[in-house]
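Structural overview for review
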Amino acid sequence: MQAFLDSANLEEVKIALSKGWLRGITTNPTIMAREPKTNYAGHIQKIADLCQEANQPVSLSIEVFARDAAGMLQQAREFVKEVRYPSLAIKIPVAPETMGVIAALAGEGVRVNVTCGVTSGQGALAAAAGATFYSLFFHRIKDLGTDAAQTVRDTKTLIAGSGTQIICGSIRNVDDILECSLAGSDIVTAPLKLWEEMAHHAKSVEWNEKFLQDFAAWIK
Ligand code: E4P
């Protein structure tokens, strides 16, 4: 499982970069709108610069916000020109009318993260169109009453050999992270607080505290 951070917050990016487990960062228009209003591509460049400064050129996804295919294509090309970062991926929402956008960008060598995925069938088409990543919205799928883990397994089977990697997003708790990973998701993108929660266990803290107490008595 590769761990991605689902955030556009510069402080969170800095913290995640210091942890050693970070392999990528994903953003979307909602996530961007949580940050102070600024230039969209400019803010992404700040995140990219933090990654470069930390010598960790992790994957970084930025989403188009145009509503039609022609606008998405134009915006994606602009982002690729504006943001100086080798591991940039452009998020394109999955839909019948965006398949050509995915294929055109992939043909130009752009890494495309096909987003807002609900079904394995959408993933199969995204992979065929040349997606680098297919983002399944894991907990939102659960909220629809669907077996999200089975959706991950089916997608994995359908896109086998395509080179497309599955990213599970829309992660609400640590169980989601484990469940989608065990179902075969290549990547999980989640908020920082959930990765921190996953690294913590009260018993680990308690057991180490006892070691330190025993040692303190011995060493004095
Ligand atoms: C994934 O790339 C998305 O940014 C994200 O995980 C969306 O999930 P949410 O809006 O349900 O939290």
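Now for a quick tour of the structure. This is a predicted model, so every value here is computed, not measured.

1. Some thoughts on the overall build of the chain
A count of helical and extended segments in the chain gives eleven helices and eight strands. On the principal axes, the C-alpha backbone points of the chain span a range of 70 × 40 × 30 Å. Looking at the 220 residues of the chain, the share that counts as buried comes to 48%. Long-range contacts, defined here as pairs at least 24 residues apart, represent 56% of the contacts in the chain between residues at least 6 apart. Summed over its atoms, the accessible surface of the chain is roughly 11100 Å², and 56% of this surface lies on carbon and sulfur atoms. Of the charged side chains in the chain, 21 are positive and 24 negative, and the gap between their average positions amounts to 3 Å.

2. A word on helix α5 (residues 99-107)
Every buried residue of α5 is accounted for by Met99, Val101, Ile102 and Leu105. Each buried residue of α5 lies within a common arc of 160 degrees when the element is viewed along its axis, so the set occupies one face. Where α5 ends, the next residue or the one after it, Gly109, has phi of about 85 degrees, a positive value.

3. Concerning the site of the ligand
The local shell around the ligand consists of Asp6, Thr26, Asn28, Ile31, Lys91, Phe137, Arg140, Gly169, Ser170, Arg172 and Thr189. Asp6 is positioned such that a nitrogen or oxygen atom in its side chain is 2.6 Å from an oxygen atom of the ligand. In the environment of the ligand, an oxygen atom lies 2.7 Å from a nitrogen or oxygen atom belonging to the side chain of Lys91. If the ligand stood free it would expose 340 Å²; the protein chains cover 89% of that surface.

4. Let's talk about the pairing of strand β8 (residues 187-190)
Neither face of β8 is left uncovered, since the one carrying Ile187 and Thr189 and the one carrying Val188 and Ala190 both have all their residues buried. Of the pairings in the sheet, the one linking strand β1 (residues 2-6) to β8 comprises four bridges and is parallel in character. Bridge pairing links Gln2 to Ile187 in β8. Where strand β7 (residues 165-169) lies against β8, two bridges are found, and the strand directions are parallel. Considered in β8, the bridge of Cys168 is made with Val188.

Parameters at a glance
Residues numbered from 1 in each chain as written. Predicted model: local features only at pLDDT ≥ 70, side-chain atom pairs only at ≥ 80, totals over all residues. Heavy atoms only, no water. Helix = DSSP H or I, 4+ residues; strand = E, 2+ residues; numbered from the N terminus. Buried < 20%, exposed > 50% of the residue type's maximum accessible area, 1.4 Å probe, protein only. Contact = heavy atoms within 4.5 Å. Areas by Shrake-Rupley, 256 points an atom, 1.4 Å probe, with all protein chains shown as cover. Lys, Arg positive; Asp, Glu negative; His and termini not counted. Charge placed at Lys NZ, Arg CZ, Asp CG, Glu CD. Arc of directions from axis to C-beta. Near = heavy atom within 4 Å. Polar contact = N/O pair within 3.5 Å; in protein donor to acceptor, adjacent residues only side chain to side chain. Pairing = 2+ DSSP bridges.

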